[in-house]
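# Summary of the model geometry
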Amino acid sequence: MNSHSDKRVRTIDRVNASLAERYARERRFRTAGLAAVSLGLLFVSFLFISIVGNGYTAFHQTKIALEVFFDPQQLDPDGRHDYDALTRADYGGLVKASMRNSFPAVKTRQEKRALYAMVSSGAAFELQHMVLADPSLIGTTQAVWLTADDDIDMLVKGHIDRSVPESERRVDDRTLAWVERLEQEGALKRRFNTAFFTNGDSREPELAGIAGAVMGSCYVLLVTLLLAFPIAVATAVYLEEFAPRNRWTDLIEVNINNLAAVPSIVFGLLGLAVFINFFGLPRSAALVGGLVLTLMTLPTIIIASRAALKSVPPSIREAALGVGASQQQTIFHHVLPLALPGMLTGTIIGMAQALGETAPLLMIGMVAFIVDIPGGALDPATVLPVQIFLWADSPERAFVERTSGAIMVLLFFLVTMNALAVVLRKRFERRW
Amino acid sequence: MHTTIQYMAAENTLAPAVSGDGGQALAEDSRDFAGTVGDVTVANPAMTARNVNVWYGEQQAIIDTSLDIGKSQVISMIGPSGCGKSTFIRCLNRMNDTIDSCRVTGDIRLEGQNIYDKKLDVVPLRAQVGMVFQKPNPFPKSIYDNVAYGPRIHGLAEDKQGVDEIVETSLSKAGLWDEVKDRLGEPGTGLSGGQQQRLCIARTIAVSPEVILMDEPCSALDPIATATIEELIDELRQHYAIAIVTHSMQQAARVSQRTAYFHLGRLIEVGATDDIFTNPGHRLTEDYITGRFG
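Residues numbered from 1 in each chain as written. Chains lettered and ligands numbered in written order. Predicted model: local features only at pLDDT ≥ 70, side-chain atom pairs only at ≥ 80, totals over all residues. Heavy atoms only, no water.

This brings us to the nonpolar core. Considering soluble globular proteins, one finds that nonpolar side chains tend to be buried as a cluster. Residues and elements named next belong to chain A. Ile-210 and Ile-364 are the most contacted members of the largest nonpolar core, which has 44 residues in total. Of all the secondary-structure elements, those providing two or more residues to this core are helix 10 (211–242), helix 12 (264–278), helix 13 (286–310), helix 15 (327–355), helix 17 (384–392) and helix 18 (398–428). No other element matches the nine residues that helix 18 contributes to this core. In this structure, Ile-364 is in contact with Gly-268, Gly-271, Leu-272, Ile-276, Arg-283, Ser-284, Val-288, Gly-289 and Val-292, ignoring residues within four places of it in sequence. (Core = buried A, V, L, I, M, F, W, Y, C linked by side-chain atoms within 4.5 Å. Buried < 20%, exposed > 50% of the residue type's maximum accessible area, 1.4 Å probe, protein only. Helix = DSSP H or I, 4+ residues; strand = E, 2+ residues; numbered from the N terminus. Contact = heavy atoms within 4.5 Å.)

Below, the structure written as structure tokens:
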């Protein structure tokens with residue numbers, strides 16, 4: 001009895017002696033984990049701060065207030081308000097005349113050209129829109145806010161330093177003086193940049209927008225979703241539930257897993273060779289982009305769907321088989337509904353991957369400069385990440401902020417999609 | 001889930017020699033086996049199994065076993081873990097089909113029909129031979145849908161009212177109606193363990209089977225829930241042939257009229273429950289029920 005209790009005391013002493021070291025080890029592990037997470041958060045916040053810091057100004061655009069006289073002589077000499085004539089009239093002349101009126105001191109040809117350059121070339125179209133919408137404006141004088149040129153925009157936003165010598169500045173002293181006069185008169189203001197969301201791409205930064213790229217991305221993702229989800233789910237169900245286990249299915253399985261690791265640009269080359277060169281589908285079309293991204297996302301969704309099917313507990317299958325459900329009834333009534341949240345999550349992750357993909361789309365010509373907003377899956381289009389790539393490559397200073405602005409929009413879509421995946425998973429998750 | 005069930009002509013000789021360690025061990029351990037003690041047949045059988053052999057790959061799990069399942073009585077299968085009792089009852093509704101490597105030979109008949117016949121459809125078979133599992137496994141659906149599922153897929157009711165009736169009678173037979181009649185729309189997974197198991201029994205009897213197989217139905221339940229299920233089994237005996245696998249000899253003694261003792265893949269002894277527990281005919285049975293192993 002005595003020796004027994006001695007032994008017990010010794011055991012507890014040993015446990016106590018090792019306890020401090022054990023806790024210290026656990027603490028070290030926790031600290032390391034915490035440090036890793038903090039570092040990750042630091043980099044993410046750095047990324048976000050840098051993008052938002054660069055890009056938030058893209059959502060504003062400098063406008064110039066001008067007194068515009070809608071001269072009937074120029075616009076509508078016949079006075080018939082003919083639509084074609086109004087469309088073809090010289091609105092650029094109106095803008096120039098208003099600028100001359102605002103700055104009567106400007107006389108020489110060279111000076112005039114510098115003066116006209118302060119207003120965007122898109123200003124004429126803004127006036128055209130106004131007149132076509134309301135022809136009664138003809139003959140009146142209106143105070144109109146017109147889009148300023150990107151150089152003026154950059155100057156107002158402080159991206160061009162006014163204190164450096166003229167030779168190192170994109171805006172010369174003469175223009176700078178005009179801008180300062182306009183600022184004093186309150187005729188230069190920053191307004192919300194609707195054009196950024198409603199316009200297609202443009203060579204002029206102040207007119208460039210993401211609407212074309214967003215529509216292109218929508219069409220591409222729509223094609224991808226409509227093809228990838230049903231094909232992937234059907235493949236996963238067949239391979240997981242019906243296919244015999246033999247060398248062929250092993251081969252297919254290995255290939256699917258390998259395809260998930262193939263660099264995406266290879267899918268672009270495949271799309272170029274098969275869809276464009278062999279089947280003759282149009283270049284730069286969202287349809288081809290969607291097909292290529294379908295190929296790219298299929299393995300991801302198939303793997304996620306198979307994992308979801310595998311995770312359905314065998315007891316549910318046994319229960320269904322036990323009451324006499326056929327194999328197909330078991331799968332469609334019980335297994336598939338339980339696996340669906342996992343499948344949807346995999347699909348959304350795959351879609352998010354497709355939304356951010358650039359390289360394969362370069363191969364099928366979606367990198368072209370496309371001004372028009374695509375109206376269908378067969379129209380030439382570009383997508384958001386490619387638009388970002390294009391703008392990042394442009395020399396104008398104003399494209400820097402637009403690049404960041406477009407990245408912010410892309411991130412917004414990605415975060416929304418991932419949040420949707422989380423919500424769907426939470427909503428449809430069932431306990432068993 | 002491709003199955004590779006092969007049907008072989010039943011052999012009346014002893015189990016064929018099998019290769020692999022499992023087979024060897026089985027053969028050696030049962031050196032003194034000289035055939036099942038007791039009468040494997042009953043006067044009024046619901047199912048008859050003759051010379052059944054089951055392999056999992058190279059491993060033989062059931063060796064040359066013959067046994068009848070009698071109508072309106074409960075037969076319990078007892079024996080140490082891994083003796084093949086679960087494997088045996090899973091042969092009776094071909095649940096073993098879902099295991100790729102499983103191979104069954106022998107002759108198992110339900111109403112004179114060989115259930116391992118290649119032409120036989122397992123769907124009606126499983127409607128006739130229902131099964132209740134070890135762990136309660138209600139579908140993650142409402143209580144009503146759990147019970148209504150079987151009748152619906154088999155088209156047992158003409159209309160919604162017919163389904164309602166089946167659900168009510170099944171739940172009543174399973175002794176669950178009074179507890180759940182006000183919350184049929186709630187998920188079946190929200191019930192307690194014992195209630196879930198009774199729901200699974202209701203789900204099984206909703207398709208009006210001839211035979212109910214129960215694979216350790218109480219092993220995941222507390223003693224009170226177990227007592228309720230045992231009473232239920234005793235009541236169900238009037239309408240169904242019941243085969244129950246259990247680890248509890250007390251349970252076997254309480255609920256069954258016949259008991260079969262399995263040991264290492266062989267049916268050692270079968271007989272009236274009272275006889276087996278008071279006067280076992282085989283040394284292994286005696287050792288097991290007196291607690292010398294198992």
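This model, assessed by the stated rule, comprises 12 aromatic pairs over all chains. Consider the rings of Phe59(A) and Phe196(A), whose centres lie 5.7 Å apart with planes at 75°: the pair is edge-to-face. One end of the pair, Phe59(A), is in the loop between helix 1 (2–55) and strand 1 (60–69); the other, Phe196(A), is in helix 9 (residues 194–198), with 137 residues separating them in the sequence. Residue class for Phe196(A) comes out buried when judged on its relative accessible area of 0%. Through a chain of ring-to-ring contacts, the aromatic side chains of Phe59(A), Phe192(A), Phe196(A), Phe197(A), Trp391(A) and Phe399(A) assemble into a single cluster. Directly above the aromatic system of Phe369(A) lies the positively charged group of Arg203(A), at a separation of 3.8 Å from the ring centroid. Sitting above the plane of the Trp55(B) ring, Arg103(B) keeps its charged end 4.5 Å from the centroid. (Phe/Tyr/Trp six-rings, centres within 6.5 Å; stacked < 30°, edge-to-face > 60°. Lys NZ or Arg CZ within 6 Å of the ring centre and 35° of its normal.)

Before going further, it helps to spend a moment on the sheet that holds strand 3 (residues 74–78) of chain B. All names here are of chain B. Taken in spatial order, the six strands make up an open sheet running 6-7-8-3-9-10, and their pairing is mixed. Of all the strands in the sheet, just strand 6 (129–132) and strand 10 (266–272) have a single pairing partner and so form its edges. Across the sheet, the mean angle from the axis of one strand to that of its neighbour is 20°, orientation sign disregarded. Where strand 7 (residues 211–215) meets strand 8 (residues 241–245), five bridges bridge the pair, whose relative direction is parallel. (Pairing = 2+ DSSP bridges. Axes fitted to C-alpha atoms, helices over the stretch in contact; angles between N-to-C directions.)

A common way to state how big an interface is: give the accessible area lost once the parts meet. Residues and elements named next belong to chain A. Entries for chain A in the domain assignment read domain 1 (2–56), domain 2 (59–199) and domain 3 (211–428). Distance between the C-alpha centres of domain 2 and domain 3: 45 Å. Between domain 2 and domain 3, the residue contacts involve 12 residues of the former and 13 residues of the latter. Ranking the residues of domain 2 by area buried against domain 3 places Phe-59, Met-154 and Phe-196 at the top, with a combined share of 46%. Where domain 2 packs against domain 3, one counts one salt bridge. Of the charged contacts, one joins Glu-401 and Lys-157 as a salt bridge, the two residues approaching to 2.7 Å between their closest N and O atoms. For the interface between domain 2 and domain 3, the tally reads four residue pairs in polar contact (both at pLDDT 80 or more). Within the residue set of the side of domain 2 that touches domain 3, elements represented by two or more residues are helix 7 (150–156) and helix 9. (Domains from an automatic or database assignment. Buried area = accessible area lost by both parts, 1.4 Å probe. Salt bridge = Lys/Arg side-chain N within 4 Å of Asp/Glu carboxyl O. Polar contact = N/O pair within 3.5 Å; in protein donor to acceptor, adjacent residues only side chain to side chain.)

Residues and elements named next belong to chain A. By volume, the largest pocket amounts to about 340 Å³. Together, 16 residues line the largest pocket, and Gly-122, Phe-125, Glu-126, Asn-199 and Leu-207 are the ones closest to its centre. For the lining of the largest pocket, the secondary structure elements donating two or more residues are helix 6 (123–133) and helix 9. Looking at the lining of the largest pocket residue by residue, the class counts come to four nonpolar, eight polar and four charged. (1 Å grid on protein atoms, 1.4 Å probe; cavity = no way out; pocket = protein on both sides within 12 Å on 5 of 7 lines; lining within 4 Å. Points joined across faces, edges and corners; volume = space filled by probe spheres on them. Nonpolar A, V, L, I, M, F, W, Y, C, P; charged D, E, K, R; others polar.)

Moving on, we get to the side chain of Arg126(B). The residue Arg126(B) is located in helix 3 (residues 122–128) in this model. Buried charge Arg126(B) goes without a salt bridge, the closest partner of opposite sign being Asp97(B) at 4.3 Å. (Lys, Arg positive; Asp, Glu negative; His and termini not counted.)

Residues and elements named next belong to chain B. With seven of nine residues buried, strand 4 (residues 102–110) is to be regarded as a mostly interior element. Where strand 1 (residues 45–56) and strand 4 come together, eight bridges link them in antiparallel fashion. Each residue of the ladder has a partner; that of Tyr-56, found in strand 4, is Cys-102. Relative to strand 5 (residues 113–114), strand 4 runs antiparallel, the two being bridged by two bridges. Within strand 5, the residue paired with Arg-109 across the bridge is Asn-114. Here strand 4 folds back onto strand 5 in antiparallel fashion, the turn holding two residues, of which Glu-111 has a positive phi close to 50°.

Here the focus is the side chain of Gln196(B). Residue and element names in this part refer to chain B. Within the secondary structure layout, Gln-196 lies in helix 7 (residues 193–205). On the accessibility criterion, Gln-196 (13% relative accessible area) is buried. In contact with Gln-196, other than residues within four places in its own chain, are Pro-136, Pro-138, Gly-188, Thr-189 and Leu-191.

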